[in-house]
Amino acid sequence: MFTATLSLCAGGLSAASPTEAVPARIGSGQAMPAQAGNGQVGNGQGGNGPGLYGQGVYGQAGSVRAGKVRAAGEGCGGRLARTLPFSTGEVRIYKSRTQACAMAVARVPGERRPMEVSIQPRGGAPVRDAGRFTRYAGPVTVGAISRCVYVKGSVGAGSVDSGWILC
């Protein structure tokens, strides 16, 4: 198994296995072609693409960031619990063991238009995302262990409101 160690030093970002160090130039767009262990470090396209195991490890101007990039449809975790349709879109509500999450999705993606989604656990404060979006508003997530939630959403002129659900 390959174990990577990331460090930031005066010479730049380096990724190292127990047997070798691989220097990289921060922000230079240069490839990191060295092999390390059983996996390739870097993608041959500079420091901004998938790195160690496709996790997107890269550095910019003295910072190191690592994380997965989510696709647009992967905003909420958990299972789809409810879909609330309305004239211009729908609100999708997801539930996991500990959380509830909501997204307002446009029926026809395209030009920017006002969208809003909010979710409120019973006895808690609402969490809201609003703005001018092309596809969806959200995701908004609240802790909801054994709690009902109230969800509202709108896309353009259409809107929906759930009442207390998932009790």
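The structure we're discussing is the one just above.
The rules behind these values
Residues numbered from 1 in each chain as written. Predicted model: local features only at pLDDT ≥ 70, side-chain atom pairs only at ≥ 80, totals over all residues. Heavy atoms only, no water. Pairing = 2+ DSSP bridges. Helix = DSSP H or I, 4+ residues; strand = E, 2+ residues; numbered from the N terminus. Axes fitted to C-alpha atoms, helices over the stretch in contact; angles between N-to-C directions. Buried < 20%, exposed > 50% of the residue type's maximum accessible area, 1.4 Å probe, protein only.

Asker: Would you explain the sheet that holds strand β15 (residues 158–165) in this entry?
Answerer: Strand pairing in a sheet takes place through backbone hydrogen bonds and is either antiparallel or parallel in direction. Pairing is antiparallel in the open sheet, where four strands are placed in the order β12-β11-β14-β15. Across the chains shown, the open sheet's two edge strands, defined by having one partner strand only, are β12 (127–133) and β15. Shown here is a sheet whose adjacent strand axes are inclined to one another by a mean of 5°, direction ignored. Note: strand β11 (residues 113–121) against strand β14 (residues 149–155), seven bridges, orientation antiparallel. Bridging from a neighbouring strand, glutamate 116 pairs with serine 154 of β14.

Asker: I'm lost on unusual backbone geometry in this one. Help?
Answerer: Outside of glycine, negative phi angles account for most residues, and trans bonds account for most peptide bonds. Proline 139 follows glycine 138 through a cis peptide bond whose omega is 5°. Examined against the element boundaries, proline 139 turns out to sit in strand β13 (residues 136–143). For serine 146, which is not a glycine, the phi torsion comes out positive at approximately 50°. For serine 146, the location among the structural elements is in the loop between β13 and β14. A relative accessible area of 77% means that serine 146 is categorised as exposed. Positive phi outside glycine occurs at leucine 166, with the angle close to 60°.

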